[in-house]
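# An overview of the molecular structure
Letter by letter, the chains look like this.
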Amino acid sequence: MDEVPSQPPKPPRNLWLAVLPGLLVFSAATGMFIRSSMDTQAAANAIAGPAQREQAAAPVKPSGDELLQCVEIYGVTMHTSEDFVPEHNGFATAPRKGAPNYLSTVLRGMMRNNCGRPLPRVEAQLEVTSDDGKTGLGWVGAGNLAVGQGSSFEKAWIGRVTSYKVVRVR
């Protein structure tokens, strides 16, 4: 009967020599990536003048009172409709048969950034008054407004809205 060896075979001693070329290629590629990223950043900084770097370092958003003065809200129209579709948890629901129609008003308008610096997000709180004297509050918003750029907004209320005013801007 043949004897079975009691010890498992030993791995080759020169295994690290097989891994060494892969490590060298990986480290060279990583080094080239880091170097090219640094060169690209240096070129971008050279193109962007000192005024743009100072503007980027400045606070992004003005205070609420300043925003109320420099964000322009204009061209607001009110559209009254009896075809309001109620929503439940953010999804429109089909009206039931024989259910009364809801009267609603949709306000549409524009919001423009006149603040002298880009604004990442602008929201305005509107107070609306219905024809029976009730008031309601709602927010309208626009995002990423460059200097002088405008964006449209839309907001719906149940009931007939007769007037609105801007309460605050954030």
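Anything mentioned here points back to the structure above.
Residues numbered from 1 in each chain as written. Predicted model: local features only at pLDDT ≥ 70, side-chain atom pairs only at ≥ 80, totals over all residues. Heavy atoms only, no water.

A count of helical and extended segments in the chain gives 3 helices and 8 strands. Along the chain, from the amino end to the carboxyl end, the secondary structure elements read α-α-α-β-β-β-β-β-β-β-β. Burial analysis of the chain (170 residues in total) assigns 19% to the buried set. Summarising the internal contacts of the chain: among those between residues at least 6 apart in sequence, 73% fall at separations of at least 24. For the chain, the exposed surface amounts to about 12700 Å²; the carbon and sulfur share of it is 57%. (Helix = DSSP H or I, 4+ residues; strand = E, 2+ residues; numbered from the N terminus. Buried < 20%, exposed > 50% of the residue type's maximum accessible area, 1.4 Å probe, protein only. Contact = heavy atoms within 4.5 Å. Areas by Shrake-Rupley, 256 points an atom, 1.4 Å probe, with all protein chains shown as cover.)

What follows deals with the sheet that holds strand β6 (residues 135-145). Think of a sheet as strands paired side by side through backbone hydrogen bonds, with each pair either parallel or antiparallel. An order of β6-β5-β8 is seen for the 3 strands of this open sheet, with the pairing classed as antiparallel. Either end of the sheet is taken by a strand with one partner, and the two such strands are β6 and β8 (161-169). Ignoring strand direction, the axes of neighbouring strands in this sheet form an average angle of 30 degrees. Relative to β6, strand β5 (residues 119-130) runs antiparallel, the two being bridged by 10 bridges. Pairing of R121 across the sheet is with G143, part of β6. (Pairing = 2+ DSSP bridges. Axes fitted to C-alpha atoms, helices over the stretch in contact; angles between N-to-C directions.)

Moving on, we get to the pattern of salt bridges. A side chain of one charge can pair with a side chain of the opposite charge if their charged atoms are brought near each other. Taken as a whole and assessed by the stated rule, the structure comprises 8 salt bridges. Salt-bridge contacts for E154 lead to R108; the nearest nitrogen and oxygen are separated by 2.8 Å. Residue E154 is found in strand β7 (residues 150-158), and its partner R108 is found in strand β4 (residues 104-113); the two are separated by 46 residues along the sequence. A relative accessible area of 54% places E154 in the exposed class. Of the residues examined, R108 reaches a relative accessible area of 33% and is grouped as partly exposed. Between E123 and R121 there is a salt bridge, with the nearest N and O atoms lying 3.5 Å from each other. One network of salt bridges, with partners in common, ties together R121, E123 and R170. (Salt bridge = Lys/Arg side-chain N within 4 Å of Asp/Glu carboxyl O.)

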